[in-house]
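Descriptive structure summary
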Amino acid sequence: MKQQQMTRLVKSLPKLTHHQRQQLAAALGLLSVRSQTSEVIETSAGAHPTCPHCNSTAVVKNGSANALQRFKCRQCARTFNALTGTPLARLHLRDKWMAHAAALGEGLSLNQVARCLGVAQSTAFRWRHRFLACPKAAQARQLCGIAEADESYFLVSCKGQRGLLRKARRRGGRALAGCKGSEYTPVLMARDRAGATANVILDSNKAASIQAALAPMLPPDTVLCTDGSVTMASAAHAMGIEHQAINVSRAIRVRGPWHVQNVNAYVSRLRTWMRRFKGVATKYLDSYLGWFRMLDRFAPAGPQPAAVLGLAIGK
Ligand SMILES: [Zn+2]
């Protein structure tokens, strides 16, 4: 806008009615959120874009569309923007993404998100899982020094699915039989003393399954601390790494530097946080594990909306 037009616009502001001022303020607020969202998306994508279609770095700017810079690839001649190929591509209502990122950072329930954002619960649900697609895949690939590991069990839940094969339980209730039976999903919880955390959903709680999950993340010089379960000991032995077992059942909790208090505290925080969802469908369990890893990483203040949005597009 030319300066002359701008001056005229500002001079005309006192003529606005109260209602018109409110309308103007809302429109300016929306523009500000829109540009902030675009800025976060483009900053997260980085200064040197790569073509998501062929991975070429020979790209040039090619105008803009939907408030995002568009690029053209010289290799494959296709166009793209910072969202192409990410879980958020083609997701609507971008003006509400920052508010949704804030809600994820606060760990709000679906009901609360739908109410705060003024969207349907089905939309809030779809957005949650699109936003968590990248964080659920992001976890420590390697643990260093002293690593603590434990198995944790989550009740199998078919929440949201029709046609149960077993007798229905109360929401988030208890298994009908056995603490570690088929009604529970075993999850390996591993954390080193620097806070690097990995959670792996296991096929079974047998040593071979634990070993397959642990082996890629433990360098040979790691010391593995566990609560002394036979399966953990057997997995550590098969991997040939030093294993320090703490016999928690005999009330021994710490032996010098050897303990599992970090991983146990983490699991306790995770379980407390998960209670608000009143049971999590097993097929989404990895999303929730990834969500909590993200929250825990930014604790105690929690992640800023810009950080959540950046993680959601996998940058
Ligand atoms: Zn290309």
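Focus on the overall build of the chain
Summing up its helical and strand segments, the chain has ten helices and ten strands in all. Rg of the C-alpha trace for the chain: 25 Å, well past the compact-globule value of 20 Å for 315 residues, more than 25% over. Projected onto its principal axes, the C-alpha coordinates of the chain cover approximately 80 × 50 × 40 Å. Sorting the 315 residues of the chain into buried and exposed places 23% on the buried side.

Details of the sheet that holds strand 6 (residues 197-201)
Taken together, the five strands give an open sheet; going across it, the order is 6-5-4-7-8, and neighbouring strands pair in mixed fashion. This sheet does not close on itself; its edge strands, each paired only once, are strand 6 and strand 8 (242-245). Sheet twist, expressed as the mean angle between neighbouring strand axes with direction ignored, is 25°. Seen against the sheet, helix 6 (residues 207-214) touches strand 4 (146-155), strand 5 (184-192) and strand 6 and runs at an angle of roughly 40° to strand 5.

Focus: the sheet that holds strand 1 (residues 59-65)
The strand order 1-2-3 describes an open sheet built from three strands, whose pairing is antiparallel. Two strands bound the open sheet, and with one partner strand each, they are strand 1 and strand 3 (79-80). Sheet topology places strand 1 next to strand 2 (residues 68-73); five bridges connect them, and they run antiparallel. When the sheet's bridge partners are listed, Ser64 is paired in strand 2 with Gln69.

A closer look at the pairing of strand 8
Alignment of strand 7 (residues 223-226) against strand 8, held across four bridges, turns out to be parallel. Looking at strand 8, one finds that Cys225 is bridged to Gln244. Considered for its hand, the β-α-β crossover made up of strand 7, helix 7 (residues 230-239) and strand 8 is right-handed.

Looking at unusual backbone geometry
That bond from Ala299 to Pro300 is cis: its omega, 5°, falls within 30 degrees of zero. If you trace the backbone, Pro300 turns up in the loop between helix 9 (285-297) and helix 10 (305-312). The phi dihedral of Ala77 is positive, around 65°, even though this residue is not glycine. Relative to the helices and strands, Ala77 is located in the loop between strand 2 and strand 3. For Ala77, a count of 10 C-beta atoms within 10 Å puts it in the exposed group. For Lys278, which is not glycine, the phi torsion reads 50° and is therefore positive. When you line up the elements, Lys278 lands in the loop between helix 8 (261-274) and helix 9.

Observations concerning the environment of Ser56
Topologically, Ser56 is positioned in the loop between helix 2 (18-45) and strand 1. With 19 residues separating them along the chain, Ser56 and Gln75 place their C-alpha atoms 6.5 Å apart. Once you skip the residues sitting within four places of it in the chain, Ser56 turns out to touch Cys51, Cys73, Gln75 and Cys76.

Structural notes on the confidence of the model for the chain
This prediction gives the chain a mean pLDDT of 89; 93% of its residues lie at or above 70. Of all secondary-structure elements in the chain, the lowest mean pLDDT belongs to strand 9 (residues 254-255), at 84, while strand 6 reaches the highest, 96.

Points about the packing of helix 3 (residues 97-106) against helix 4 (residues 110-117)
Look at helix 3 against helix 4: their axes get within 10 Å of each other, and the N-to-C directions meet at 150°. Here helix 3 lies roughly antiparallel to helix 4, going by the angle between them. Here helix 3 and helix 4 pass one another in a crossing that is right-handed. Along the contact surface, helix 3 presents Ala99, His100 and Ala103, while helix 4 presents Val113, Cys116 and Leu117. Taken together, the residues that form the contact of helix 3 with helix 4 break down as five nonpolar, one polar and no charged.

A closer look at the nonpolar core
Counting 48 residues, the largest nonpolar core has Ala149, Leu188, Ala190, Leu214 and Leu309 as the members making the most contacts within it. If one sorts the elements of this core by residue count, helix 9 sits on top with six residues. Residues within four places of Leu188 in sequence aside, it is in contact with Ala149, Glu151, Asn199, Val200, Leu202, Ile210, Ala213 and Leu214.

Observations concerning the environment of Cys76
Within the secondary structure, Cys76 is located in the loop between strand 2 and strand 3. Since 14 C-beta atoms lie within 10 Å of it, Cys76 is described here as partly exposed. The spatial distance from the C-alpha of Cys76 to the C-alpha of Cys51 is 8.7 Å, given a sequence separation of 25 residues. If near-sequence neighbours (up to four positions away) are discounted, Cys76 is found in contact with Cys51, His53, Cys54 and Ser56.

Cut-offs used in this document
Residues numbered from 1 in each chain as written. Predicted model: local features only at pLDDT ≥ 70, side-chain atom pairs only at ≥ 80, totals over all residues. Helix = DSSP H or I, 4+ residues; strand = E, 2+ residues; numbered from the N terminus. Rg over C-alpha atoms; globule rule 2.2 N^0.38 Å. Buried ≥ 20, exposed ≤ 12 C-beta atoms within 10 Å, placed from the backbone. Pairing = 2+ DSSP bridges. Axes fitted to C-alpha atoms, helices over the stretch in contact; angles between N-to-C directions. Contact = placed C-beta atoms within 7 Å. Right-handed = clockwise from strand over helix to strand, strands pointing away. pLDDT = per-residue confidence, 0-100. Parallel < 35°, antiparallel > 145°, perpendicular 65-115°, else oblique. Left-handed = near helix turned anticlockwise from the far one by under 90°. Nonpolar A, V, L, I, M, F, W, Y, C, P; charged D, E, K, R; others polar. Core = buried A, V, L, I, M, F, W, Y, C linked by C-beta atoms within 7 Å.

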